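Listed below are the residues making up each chain.
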Amino acid sequence: MRRSSIILTTIISMVLCVSLLAFSVYAHLTQTFSVTNTIGFRPAEDVYVGLECRVSGAIQTNLSSAPGDYDSVEDYLYAIGAYKDVEFNESLRNDPNYSLGEWQILESLEFASVTEPIIYTIKVYNYSDKPIRVSINEYGTDSGNIVNSVSGPIEIGGYKYDENPSWKEITLSTMVKDYTASFSDIENNFVVMFETIDSIA
């Protein structure tokens, strides 16, 4: 009798262990980690730029084929705002209402991997007469779910007519802080500041 109790207890323990393992794997596979984004651009007076804005490290940006009715993955990424370009032309230089608008990503970005960051890369072309400094501000440093880090301010030389504009890239990287607890649609907003260097105290 005692031997059969030991065998039965062992079998029950093994079944419980396998069930727990299966549940853990299922929970891990069904976890989601996603963020929403609105990125503001604040140019100081007399700052004129062109921008190429790109996201990488999200499930959307890792697609190998276009979803739905889109002709290409690139078309899809522009449509959802994961890619955004802001063109500059000389007529904007005299426009009193010159604005860069916002970079609004219309879909929640889901992390492609919990161990790799989503990276926001902004390539800035300086069309201003003066050199400018570009920095990322007003971003969350530790929300409990995500951790952000920025590449630091960049300085770009002034524009010389009839030449290609100088450019540099600035980035913000977002990492999952705790990959054991899923989260959805965490706000990950930030602001990009553009200032002329001689106006900075």
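Note on numbering: residues in each chain are counted from 1, in written sequence order. Given that the model is predicted, a residue must reach a pLDDT of at least 70 before its local features are reported, and side-chain atom pairs must reach 80 or more before they are shown or counted; all residues, however, enter totals for whole chains, interfaces and linings. The side-chain quantities take in all heavy atoms of the structure and omit both hydrogens and water.

**Digging into the overall build of the chain**
- Numbering goes from the N terminus for both helices and strands, where a helix is a DSSP run of H or I of at least four residues and a strand is a run of E of at least two. Of regular secondary structure, the chain possesses two helices and 11 strands.
- The cut-offs for exposure are 20% and 50% of the maximum accessible area for each residue type, with area from a 1.4 Å probe on protein chains only; residues under the lower value are buried, those over the upper are exposed, and the others partly exposed. For the chain, with 201 residues in total, the buried portion stands at 35%.
- The long-range fraction of contacts in the chain, counting pairs at least 24 apart against all pairs at least 6 apart in sequence, stands at 80%.
- Note on areas: Shrake-Rupley, 1.4 Å probe, and residue coverage restricted to the protein chains presented here. Here the chain has roughly 11,800 Å² of accessible surface; of this, 52% comes from carbon and sulfur atoms. By definition in these notes, contact holds between two residues if any of their heavy atoms fall within 4.5 Å.

**Observations regarding the packing of aromatic side chains**
- When the centres of two rings from Phe, Tyr and Trp lie within 6.5 Å, Trp using its six-membered ring, the rings pair. Their planes under 30 degrees apart give stacked, over 60 give edge-to-face, and anything left gives tilted. In the structure shown here, the tally under the stated rule is 14 aromatic pairs.
- Geometrically, the ring pair formed by Tyr 48 and Tyr 98 is tilted, given 5.0 Å between the ring centres and 55° between the ring planes. On the criterion of sequence distance, the pair formed by Tyr 48 in the loop between β1 (33–43) and β2 (49–56) and Tyr 98 in the loop between β3 (83–86) and β4 (102–110) is long-range, its members being 50 residues apart. Pair check on accessibility: Tyr 48 and Tyr 98 agree, each one buried.
- Where Tyr 159 meets Tyr 161, the ring centres are 5.3 Å apart and the plane angle is 65°; that geometry is what we call edge-to-face.
- Under the relative-accessibility criterion, Tyr 159 is labelled buried at 14%.
- The exposure class assigned to Tyr 161 is partly exposed, which follows from its relative accessible area of 46%.
- In this structure an aromatic cluster arises from ring pairing among Tyr 48, Phe 88, Tyr 98, Tyr 127, Tyr 159 and Tyr 161.
- Over the aromatic face of Tyr 83 sits the side chain of Arg 54, whose NZ or CZ is 4.7 Å from the ring centroid. Two conditions define a charge sitting above a ring: the NZ of Lys or the CZ of Arg must be within 6 Å of the ring centre, and it must be within 35 degrees of the ring normal.

**Observations concerning the pairing of strand β9 (residues 166–176)**
- Strands were regarded as paired on the criterion that DSSP finds at least two bridges between them. The sheet contact formed by strand β5 (residues 118–126) and β9 spans nine bridges and is antiparallel. Across the sheet, the residue bridging to Val 124 is Lys 168, located in β9.
- Taken together, the five bridges between strand β7 (residues 146–150) and β9 define a ladder with antiparallel strand orientation. Paired with Ile 146 across the bridge in β9 is Val 176.

**A word on the sheet that holds β2**
- Strand order across the open sheet formed by five strands is β3-β2-β5-β9-β7, with antiparallel pairing between neighbours. In the strand order of this sheet, the two ends are held by β3 and β7, each with one partner. Put simply, the sheet's adjacent strands are angled 15° from each other on average, direction ignored.
- Inspection of the sheet shows β2 paired to β3 by four bridges, in the antiparallel sense. Residue Cys 53 lies in a different strand from β3, and its bridge partner there is Lys 84. All axes here are fitted lines through C-alpha atoms, helices being fitted over the stretch that makes contact, and every angle between N-to-C directions spans 0 to 180 degrees.

**Details of unusual backbone geometry**
- Even without a glycine there, the phi angle at Asp 162 is positive, about 70°.
- Inspection of the secondary structure assignment puts Asp 162 in the loop between β8 (154–156) and β9.

**Remarks on a negative patch on the surface**
- Surface patches are defined over residues having more than 30% relative accessible area and no salt bridge, joining like charges when they lie within 9 Å and nonpolar side chains (Val, Leu, Ile, Met, Phe, Trp, Tyr) when within 5 Å. The term salt bridge refers to a pairing of a side-chain nitrogen on Lys or Arg with a carboxyl oxygen on Asp or Glu at a separation within 4 Å. None of His or the chain ends enter the tally, which takes Lys and Arg as positive and Asp and Glu as negative. Charge placement uses NZ in Lys and CZ in Arg. For Asp and Glu, CG and CD serve respectively. Taken together, the side chains of Asp 69, Asp 71, Glu 74 and Asp 75 define an acidic patch exposed on the protein surface.
- Mapped onto the elements of the fold, Asp 75 is located in helix α2 (residues 73–80).

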